[in-house]
Amino acid sequence: MIVGIDLGTTNSLIGVMEAGFPVLLADAEGRRLTPSVVYFPADGSAPLVGAPAARMRLLEPARTVHSVKRFIGARSGEDSTTTDAARVPYEVDDATPGAPVSMRMDGRIHTPEEISSHILAKLKTDAERALGQMISRAVITVPAYFNEAQRAATRRAGELAGFKVERILNEPTAAALTYGLERLGEKSRVAVFDFGGGTFDLSILELSDGLFQVLATNGNTHLGGDDIDRVLAAQLLERFQEQFPAADVTSPILLSTLRDAAERAKMLLSTAMETRVEIPFAAGAESLVATITRDELEWLARPTVERCRFHCLRALEDAKLKPSDLQAVVLVGGSTRMPMVRALAGEIFEREPDTTQHPDEAVAMGAVIQAGILSGAVQNVTLLDVTPLSLGLETFGGLMNVLIPRNSTIPTKAGEMFTNAAANQRAMRIHVVQGEREMVRDNFSLGQFEIEFEPAPRYQARVGVQFEIDANGLLKVLARDTKTGLERVVELKSAVDVADERVGKMIADSVEHAFDDFHERRLIEARLKANEMKPAVRHALDAAGSELSAEERADIERRLADLNRALGGESLPALQEATSALDDATQTLATILMERAMEDALRKKGVI
Ligand code: AMP
């Protein structure tokens, strides 16, 4: 039996397939939603997890770790880590740049994976109690944009909790599985709009006959309902300061209380138009009382919510689809309960959003379905993911040669034939590169190796290179000398897990430098062409130059000198002009050689 787990920023859930249906399991109190909160008692006794820990958040904020998902797999010195660390009331140790972030409680260090493992261990115990049997295998979901370190840390957290982690699954894909399971017979394209407490994910999937294919995915691991709570809490703090100018506003308990009140007010305003926030004894004997309307909340939340738009448009662009090409935009994640979020999703995708899925449970249900697919409990369903960046090889001139473009569905395979640039070369270096820039030096290097082949004249060797990405995103590179059949297979790390910041930066850079990159590629290609042409012309002159007039020969020599000069410069037009002038000047020479070759061929056939 394999369980499915949604390890959320705010809440976590666990479930299992029962009699062919995905079901979520409740804890001893009957709650399916376990707050992702861990409280460390001062006396060093066992931490409290879930609802009891969440209650301690107000009383002892410095000992109560919430939103640990924001730190899992994070390293000190990353911008987002520093911002997150400043925003939580517990102590985050992020002083050593490049080192993993940890939490400090009474001088003791706790890593984010250890803290997450407490949450997972509680889910495991609750599930074992509900099922009456031990469980050890799990599928755990993560945001689509989690990078490799974040995924590895999540996997480690699972292992620390005693699980064998069978699969790390992207959250929006999980939600789509839940949505799609009820519509197995239909062929449709849907966008899953997942707006939770800490992350926003947008994935576009195609469902047909039980095949789930991710067409594009985009998102932000630092965009969620928490951001809205923060701006609303800041607004409450302002009102508090207006009412009580002399009060101490630095107390962590006050700040936690305001955050809590802000979140509660935000949630109420999803259905009410107005709500009252009351914080008794906020300033000594005085209480803070404030009224907030939905309009006010929406005004404050607008900049946060609007940030989702960019990611949606980008995913549509990557999938090469228009909103009208989709059949639905499915909303999941707690923050999609906000009317303004629903309106935004409706506006971007030009339709009434689909709210049939339970916003808090759809991801966990999907994890359960994936667990079912792996264990064989669910059949006729296959899930396909995509590559976040293009994969290719370095070729002549340091250029990137793409074999598998960005956003290709995995598993996938692609191959191409390469040749030798130098005569009698004995080996070829296969440099595997990931990224969107034209030059290898601007992309990420995934690894390199050499393949030997039989020495051959220039451009005569044939080395086939094949890239293969399996369902887990693992990239295998095979290189084979077609003449001898000698081959090498090298397994590289995941081709799918790339840090969201790196993907975002790579794409932004590729857009920013598109013009320069394009120009550089053309210049390099023109140089390669010119460098190929020079010896060929020399060779032709040696072979048949005597049949040309002295002027024709001098003209060719002059054009060759011009080309050499252009090769020394940086001007693409000058190079192109010199190449085509040399091409023109050698027309007669080319014709003579062609005629000779024809005569040779005919003579060989005995025709003349
Ligand atoms: P998730 O990460 O999917 O569990 O979503 C948690 C986020 O949803 C938190 O930021 C919650 O404040 C938010 N949320 C939950 N219920 C509501 C609601 N009724 N209205 C607005 N936001 C909500």
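Residues numbered from 1 in each chain as written. Predicted model: local features only at pLDDT ≥ 70, side-chain atom pairs only at ≥ 80, totals over all residues. Heavy atoms only, no water.

Along the polypeptide, D509 turns up in helix α11 (residues 500-512). By relative accessible area, D509 is classed as buried at 17%. (Helix = DSSP H or I, 4+ residues; strand = E, 2+ residues; numbered from the N terminus. Buried < 20%, exposed > 50% of the residue type's maximum accessible area, 1.4 Å probe, protein only.)

Contact pair helix α12 (residues 514-544) / helix α14 (residues 572-585): the axes reach a minimum separation of 10 Å and the direction vectors enclose 30°. Taken together, the axes of α12 and α14 are roughly parallel relative to one another. For the crossing formed where α12 meets α14, the hand is left-handed. Where α12 approaches α14, its residues H519, R522, L523, A526, R527, K529, A530, M533 and V537 are matched on the opposing element by L572, L575, Q576, T579, L582 and D583. Of the residues that constitute the contact of α12 with α14, the class distribution is eight nonpolar, three polar and four charged. (Axes fitted to C-alpha atoms, helices over the stretch in contact; angles between N-to-C directions. Parallel < 35°, antiparallel > 145°, perpendicular 65-115°, else oblique. Left-handed = near helix turned anticlockwise from the far one by under 90°. Contact = heavy atoms within 4.5 Å. Nonpolar A, V, L, I, M, F, W, Y, C, P; charged D, E, K, R; others polar.)

Attention shifts here to the domain arrangement of the chain. Parsing the chain into structural domains produces domain 1 (2-224 + 301-385), domain 2 (225-300), domain 3 (391-512) and domain 4 (515-604). With 17 residues of domain 1 at the contact, the number on the domain 3 side is 16 residues. The interface formed by domain 1 and domain 3 contains one salt bridge. Residue R406 pairs with D318 through a salt bridge whose shortest N-O separation is 2.2 Å. Summed over the shared surface of domain 1 and domain 3, the result is one residue pair in polar contact (both at pLDDT 80 or more). (Domains from an automatic or database assignment. Salt bridge = Lys/Arg side-chain N within 4 Å of Asp/Glu carboxyl O. Polar contact = N/O pair within 3.5 Å; in protein donor to acceptor, adjacent residues only side chain to side chain.)

What follows is about the layout of surface pockets. Empty space among the atoms becomes visible once a probe the size of a water molecule is rolled across them. Within this model, the largest pocket holds a volume of roughly 1,000 Å³. Lining the largest pocket are 41 residues; nearest its centre among them are T10, N11, G197, E263 and M267. Going through the elements one at a time, β2 (11-18), α1 (51-59), α6 (225-243) and α7 (252-268) are the ones with two or more residues in the lining of the largest pocket. No other element matches the six residues that α7 contributes to the lining of the largest pocket. Here the lining of the largest pocket is composed, by residue class, of ten nonpolar, 16 polar and 15 charged. The residue makeup of the lining of the largest pocket includes at least three contributed by each of domain 1 (2-224 + 301-385) and domain 2 (225-300). (1 Å grid on protein atoms, 1.4 Å probe; cavity = no way out; pocket = protein on both sides within 12 Å on 5 of 7 lines; lining within 4 Å. Points joined across faces, edges and corners; volume = space filled by probe spheres on them.)

All right, on to the sheet that holds strand β25 (residues 444-456) then. Judged by pairing direction, the sheet is antiparallel, and its four strands sit side by side in the order β21-β20-β24-β25 without closing on themselves. Edge positions in the sheet fall to β21 (399-404) and β25, since each has one partner strand and no second. Taking the axes of each pair of neighbouring strands and ignoring which way they run, one obtains an average angle of 30° across the sheet. (Pairing = 2+ DSSP bridges.)

Now for the pattern of salt bridges. The tally for this structure, following the rule as stated, stands at 46 salt bridges. One salt bridge in this structure joins K124 and E128, with 3.3 Å as the shortest N-O distance. Of this pair, K124 and E128 both sit in helix α3 (residues 112-131), four residues apart, roughly one helical turn. The same class applies to K124 as to E128, namely buried. Ionic pairing is found between D227 and R230, a salt bridge with its closest N-O pair at 2.3 Å. Placement of both D227 and R230 in helix α6 is noted, with a separation of three residues, approximately one turn of the helix. The network of salt bridges with shared partners includes R437, R441, D442, D517 and E520.

Right, let's talk about the site of the ligand for a bit. Inspection of the region around the ligand gives 14 residues, with G197, E263, K266, S270 and G334 positioned closest. Here an oxygen atom of the ligand and a backbone polar atom of G197 are 2.8 Å apart. Separating an oxygen atom of the ligand from a side-chain N or O atom of K266 is a distance of 2.7 Å. Within the complex, 86% of the 500 Å² of free accessible area of the ligand lies under protein. When each cavity is represented as a set of grid points, the ligand is found to reside in the largest pocket. Looking at the shell around the ligand, the elements that each hand over two or more residues are α6 and α7. Looking at the shell around the ligand element by element, the count peaks at three residues for α7. For the shell around the ligand, the class distribution of residues is two nonpolar, eight polar and four charged. (Near = heavy atom within 4 Å. Areas by Shrake-Rupley, 256 points an atom, 1.4 Å probe, with all protein chains shown as cover. Sits in = over half its atoms within 2 Å of the grid points.)

The subject of this paragraph is α14. Over its 14 residues, α14 extends 20 Å from the first C-alpha to the last, a length consistent with the 20 Å expected when each residue adds 1.5 Å. Those residues of α14 that sit buried are L572, L575, A578, T579, L582 and A585. Projected down its long axis, α14 carries its buried residues within an arc of 165°, all on one side. Across α14 from its buried face, at more than 90 degrees, point the exposed residues P573, E577 and D584. Structurally, α14 contributes buried residues whose contacts are with α12, α13 (550-568) and α15 (587-605). The N-capping residue of α14, defined by a side-chain oxygen 3.1 Å from the backbone nitrogen of A574, is S571. (Expected span 1.5 Å × (residues − 1). Arc of directions from axis to C-beta.)

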